[in-house]
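# Notes for the structure review
Each chain is listed here by its residues.
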Amino acid sequence: MIQHSLFDPPRVRPTDPITSHKAAAKLRVSASHAAVLEALASGPATSEQLIARLTGRCSPSRVRGAISELCDAGSVVVCGIGET
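Residues numbered from 1 in each chain as written. Predicted model: local features only at pLDDT ≥ 70, side-chain atom pairs only at ≥ 80, totals over all residues. Heavy atoms only, no water.

### With respect to the side chain of His 33
Looking at the element boundaries, His 33 is found in helix α1 (residues 18-40). Judged by its relative accessible area of 19%, His 33 falls in the buried class. (Helix = DSSP H or I, 4+ residues; strand = E, 2+ residues; numbered from the N terminus. Buried < 20%, exposed > 50% of the residue type's maximum accessible area, 1.4 Å probe, protein only.)

Written out as structure tokens, the structure reads:
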């Protein structure tokens, strides 16, 4: 049996119904949120520092999107310290 990690992309075939594709897209967002929160567990970071911490796990645009979404949800707070 193959054990998939949280960061493996969801598997959807091109022939799967649109609802499957929508569900997979939501899972990708959740995985990127988890990755950003995990990266922040080691301390505060700028978006560029988070991108560097998550190289190979999330694209830079997905990291930035996840940061924004987590801020909107109140899970991450921008402290205004750091330079990008």
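### What about the pattern of salt bridges?
Counted according to the given criterion, the structure contains four salt bridges. Here Arg 57 makes a salt bridge to Glu 38, at a shortest N to O gap of 3.3 Å. Separated by 19 residues along the polypeptide, Arg 57 in the loop between α2 (47-53) and α3 (60-73) and Glu 38 in helix α1 bring together distant segments of the chain. Taking relative accessible area as the criterion, Arg 57 reaches 33% and is therefore assigned partly exposed. A relative accessible area of 44% means that Glu 38 is categorised as partly exposed. (Salt bridge = Lys/Arg side-chain N within 4 Å of Asp/Glu carboxyl O.)

### Looking at the environment of Val 63
Checked against the element boundaries, Val 63 lands in helix α3. Taking relative accessible area as the criterion, Val 63 reaches 0% and is therefore assigned buried. C-alpha of Val 63 to C-alpha of Val 36: the two residues are 27 residues apart in sequence and 6.9 Å apart in space.

### Overview of the confidence of the model for the protein chain
Model confidence for the protein chain is summarised by a mean pLDDT of 82, while 81% of its residues fall at 70 or above. Of all secondary-structure elements in the protein chain, the lowest mean pLDDT belongs to α1, at 83, while α2 reaches the highest, 94. (pLDDT = per-residue confidence, 0-100.)

### So, the nonpolar core
A general trend in soluble globular proteins is that nonpolar side chains are found buried together. Of all hydrophobic cores here, the largest spans twelve residues; its members are Ala 35, Val 36, Ala 39, Leu 50, Ile 51, Leu 54, Cys 58, Val 63, Ala 66, Ile 67, Leu 70 and Val 76. For this core, the elements supplying multiple residues, two or more each, are α1, α2 and α3. Sort the elements by how many residues they give to this core and α3 lands first, with four residues. Among residues more than four places away in sequence, those in contact with Leu 54 are Ala 35, Val 36, Ala 39 and Val 63. (Core = buried A, V, L, I, M, F, W, Y, C linked by side-chain atoms within 4.5 Å. Contact = heavy atoms within 4.5 Å.)

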